[in-house]
Amino acid sequence: MSEIDDNIIFKKDSGDVLDIPQKYVGLKMRQEGILTVNFRSPKEDMDKITKFFSGFTDSQPIIYNIGNTGDVKCYFKGIAPLLEQTDDAGFKYFFLSVTLQELKTTPEEEPPACGCG
């Protein structure tokens with residue numbers, strides 16, 4: 001099964017799942033493993049997105065999976081206010097930005113980089 005799916009799936013540790021088409025999602029990787037997830041969608045889809053992310057607390061674990069390529073573990077860092085916008089053709093859409101931080105795992109057996117271990 002090597003085909004990449006058209007959806008991105010977000011999973012809470014409680015088992016709640018958000019399955020959203022990739023066309024509504026933009027990802028921006030920043031320094032320190034920070035990932036900004038931008039959602040741009042019609043109201044119906046945005047209602048599901050805001051409901052899913054509104055109950056998160058800072059540093060709560062979350063997993064995302066892009067196109068069924070494998071789970072990536074993160075922490076929830078924050079959510080921006082929901083924006084209502086209109087595109088050039090006059091269609092109304094909604095925009096929401098969520099910030100995640102990828103989990104960094106460091107091997108236990110490695111000595112510290114400072115050489116002081």
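The shown structure was predicted, so the numbers you read here are calculated from the model rather than taken from an experiment. (Residues numbered from 1 in each chain as written. Predicted model: local features only at pLDDT ≥ 70, side-chain atom pairs only at ≥ 80, totals over all residues. Heavy atoms only, no water.)

(A) Up close: unusual backbone geometry. For E32, which is not glycine, the phi dihedral falls at a positive 60°. Here E32 is to be found in the loop between β3 (25-29) and β4 (34-41). Residue class for E32 comes out exposed when judged on its relative accessible area of 65%. You will see that N68, though not glycine, has its phi angle at about 65°, which is positive. Summarising the element assignment, N68 is placed in the loop between β5 (61-66) and β6 (71-79). (Helix = DSSP H or I, 4+ residues; strand = E, 2+ residues; numbered from the N terminus. Buried < 20%, exposed > 50% of the residue type's maximum accessible area, 1.4 Å probe, protein only.)

(B) Inspection of the packing of aromatic side chains at higher detail. The full count for this structure, using the stated rule, is 8 aromatic pairs. Ring geometry for F10 against F53: centres 5.6 Å apart, planes inclined by 75°, an arrangement best described as edge-to-face. Here F53 lies in helix α1 (residues 43-54) and F10 lies in strand β1 (residues 7-12), a separation of 43 residues in the sequence. Across this residue pair, the class does not change: F10 and F53 are buried. Taken together, F10, F39, F52, F53, F56, Y64 and F76 form an aromatic cluster joined through their ring pairs. Directly above the ring of Y93 sits R40, whose terminal nitrogen or CZ lies 3.9 Å from the centroid. (Phe/Tyr/Trp six-rings, centres within 6.5 Å; stacked < 30°, edge-to-face > 60°. Lys NZ or Arg CZ within 6 Å of the ring centre and 35° of its normal.)

(C) Examining the side chain of N65 more closely. With respect to the secondary-structure elements, N65 resides in strand β5. A polar contact of 3.1 Å, which involves the side chain of N65, links it to the backbone nitrogen of N68. Leave out the neighbours within four places in its chain, and N65 touches N7, I8, I9, G70 and D71. (Polar contact = N/O pair within 3.5 Å; in protein donor to acceptor, adjacent residues only side chain to side chain. Contact = heavy atoms within 4.5 Å.)

(D) Local environment of the nonpolar core. Membership of the largest hydrophobic core comes to 22 residues, with the highest contact counts inside it found for F10, I20, F39, I49, F53, I62 and L100. Discounting residues that sit within four places of it in the chain, I49 has contacts with L18, I20, F39, S41 and L96. (Core = buried A, V, L, I, M, F, W, Y, C linked by side-chain atoms within 4.5 Å.)

(E) The pattern of salt bridges, seen in detail. Enumeration over the complete set of coordinates arrives at 5 salt bridges. Of the charged contacts, one joins K12 and D16 as a salt bridge, the two residues approaching to 3.9 Å between their closest N and O atoms. With a relative accessible area of 13%, K12 lands in the buried category. Here D16 falls in the partly exposed class, since its relative accessible area comes to 40%. (Salt bridge = Lys/Arg side-chain N within 4 Å of Asp/Glu carboxyl O.)

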